[in-house]
Structures are given as C-alpha cells and as structure tokens.
Amino acid sequence: MSFRIANIAKISEGMTNSKELLEEIARQLTLHEEEGEKQAIAFLLFEKASGLGYADVQLNKINTRLDAEWLQCAIQRVNNSEPVQYVTGEAHFLGRVLKVNPSVLIPRPETEELVVWVVNYLKRKRLETPSVIDVGTGSGCIAISLALSIEHYKTIIVNQSSEFIAYVRIKT
C-alpha cells in the first residue's frame, strides 16, 4: 500500500495534470466493477479531492489544491466496499447534489425516473395545491425535488429514524 500512497503524494507534489491524477485514482481502485463504473467512482473522488470538474479534466488543468491525505483515505474506504456517496458525503440526483451520510439512503436512478413521472403527472393535472406524503423518505430527494419542481407544492415527510431527524436538522 505504501507504493500507492507514494503515487498520490508524488502527484500532488509534482502538480501533475488532471488526466494523470484521474488515471492514477482509477488504477488504485480495486473494486470488482466494470471499467466505466470504476472511472465514474474515480472521477467523484477526484472532483471532491481537487475541486476540479469534468471540463477541467478535458482541458488537462494542473491541480493546485489536491487534498492527497483525504484522497488516499477515500480510495481505501471505497476499496473496502463503502459506497462512494458516503465517502464524498454527496449524491447526485436530478442535477442536484444532495448531502448524504450512512444514516440516510442513497438516492437510486429508479427514484429519479419516479420523480420525473410524478412531476409530469402533477403538472398535467394542474392541481391548485398538490400534496404528497413521502413515507420512509431516505435522503429526502423525492420531497426536495418535487418542492423545487412544482409551484405551491405541499409535502409531509415521514421517517422513524432518529439519525435521519438529526440529519434533516443539520441539512436545513
């Protein structure tokens, strides 16, 4: 493992370009995932550790503020099968970034499809004040997305987890 740590330290000290750093992160991931999935996970870790985005990688920008210590720890956590969303503390959902932690569920792509369907349905119905009950709300992604997509929307969020209640208080 010291070889891998040295690689990240070398990259951060050498001001290596973004593409090389992203490739090194992907090489260090030992997950048994398809290559495309490993690349996506590597990018999420890269983005969080460097503050650079996809366009920066394409422009091959030099990284100047890499958090190499966090990155090495994050790679180890992912390699130990911790979901990347919990490692980064973020989950992408319908173009938004939601804060997540192990006390809440990670939003699923199928849930995005459901929310799009509900938004379209409610807009077609043209209800004056649409209301939805979100039972077992998880990360709150459904209620948040509906509230941001539909005017005069009302929701009730129900969850029994005390960790979730603490999470919502911090989030709001």
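Computed from a prediction, not measured in an experiment: that's the story for all the values here. (Residues numbered from 1 in each chain as written. Predicted model: local features only at pLDDT ≥ 70, side-chain atom pairs only at ≥ 80, totals over all residues. Heavy atoms only, no water.)

## Considerations on the overall build of the protein chain
Phase 1 of the analysis: The helix and strand inventory of the protein chain stands at nine helices and four strands.
Phase 2 of the analysis: A sequence separation of at least 24 residues applies to 50% of the contacts in the protein chain between residues at least 6 apart. (Helix = DSSP H or I, 4+ residues; strand = E, 2+ residues; numbered from the N terminus. Contact = heavy atoms within 4.5 Å.)

## Quick word on the packing of aromatic side chains
Phase 1 of the analysis: Applying the stated criterion across every chain yields a total of three aromatic pairs.
Phase 2 of the analysis: Summarising the aromatic geometry, the rings of Phe43 and Phe46 are spaced 6.1 Å apart at their centres and angled 40° between planes, so their arrangement reads as tilted. Linking Phe43 with Phe46, this pair stays in helix 3 (residues 35-50), spanning three residues, or about one helical turn. Neither residue differs from the other here; Phe43 and Phe46 are each classed as buried.
Phase 3 of the analysis: Geometrically, the ring pair formed by Trp117 and Tyr121 is stacked, given 5.3 Å between the ring centres and 10° between the ring planes. Remark: Tyr121 and Trp117 occur in helix 7 (residues 109-125); sequence separation between them is four residues, near one turn of the helix.
Phase 4 of the analysis: The exposure class assigned to Trp117 is exposed, which follows from its relative accessible area of 51%. (Phe/Tyr/Trp six-rings, centres within 6.5 Å; stacked < 30°, edge-to-face > 60°. Buried < 20%, exposed > 50% of the residue type's maximum accessible area, 1.4 Å probe, protein only.)

## Quick word on the confidence of the model for the protein chain
Phase 1 of the analysis: Overall, the predicted model of the protein chain reaches an average pLDDT of 82, with 83% of residues at or above 70.
Phase 2 of the analysis: The element-level mean pLDDT for the protein chain is lowest in helix 1 (residues 2-13), coming to 53, with helix 6 (residues 84-88) highest at 96. (pLDDT = per-residue confidence, 0-100.)

## Looking at empty space enclosed by the protein
Phase 1 of the analysis: Inspection of the entire model under this criterion finds one cavity of 30 Å³ or more.
Phase 2 of the analysis: Of the pockets and cavities examined, the largest cavity occupies roughly 40 Å³.
Phase 3 of the analysis: As for the largest cavity, its lining consists of Leu44, Glu47, Lys48, Thr88, Glu90 and His92.
Phase 4 of the analysis: Only helix 3 and strand 1 (90-93) provide two or more residues apiece to the lining of the largest cavity.
Phase 5 of the analysis: In terms of residue class, the lining of the largest cavity is built from one nonpolar, two polar and three charged. (1 Å grid on protein atoms, 1.4 Å probe; cavity = no way out; pocket = protein on both sides within 12 Å on 5 of 7 lines; lining within 4 Å. Points joined across faces, edges and corners; volume = space filled by probe spheres on them. Nonpolar A, V, L, I, M, F, W, Y, C, P; charged D, E, K, R; others polar.)

## Things to note about helix 7
Phase 1 of the analysis: A rise of 1.5 Å per residue sets the reference length of helix 7, with its 17 residues, at 24 Å; its end C-alpha atoms lie 25 Å apart and thus fit the reference within 8%.
Phase 2 of the analysis: Where helix 7 is concerned, the buried positions are Thr111, Val115, Val118, Val119 and Leu122. Projected down its long axis, helix 7 shows its buried positions confined to an angular sector of 100°, all on one face. Residues Glu113, Trp117 and Arg124 are exposed on helix 7 and point more than 90 degrees away from its buried face.
Phase 3 of the analysis: Looking at the buried residues of helix 7, the elements they touch are strand 1, strand 3 (131-135) and helix 8 (141-149). (Expected span 1.5 Å × (residues − 1). Arc of directions from axis to C-beta.)

## Topic: unusual backbone geometry
Most peptide bonds take the trans form, and the phi angle of most residues other than glycine is negative.
Phase 1 of the analysis: Phi is positive for Ser81, which is not a glycine, with a value near 75°.
Phase 2 of the analysis: Tracing the backbone through its elements, the reader meets Ser81 in the loop between helix 5 (68-79) and helix 6.
Phase 3 of the analysis: Of note in the backbone geometry, Arg126 takes a positive phi value of approximately 50° without being a glycine.
Phase 4 of the analysis: Position of Arg126 among the secondary structure elements: in the loop between helix 7 and strand 3.

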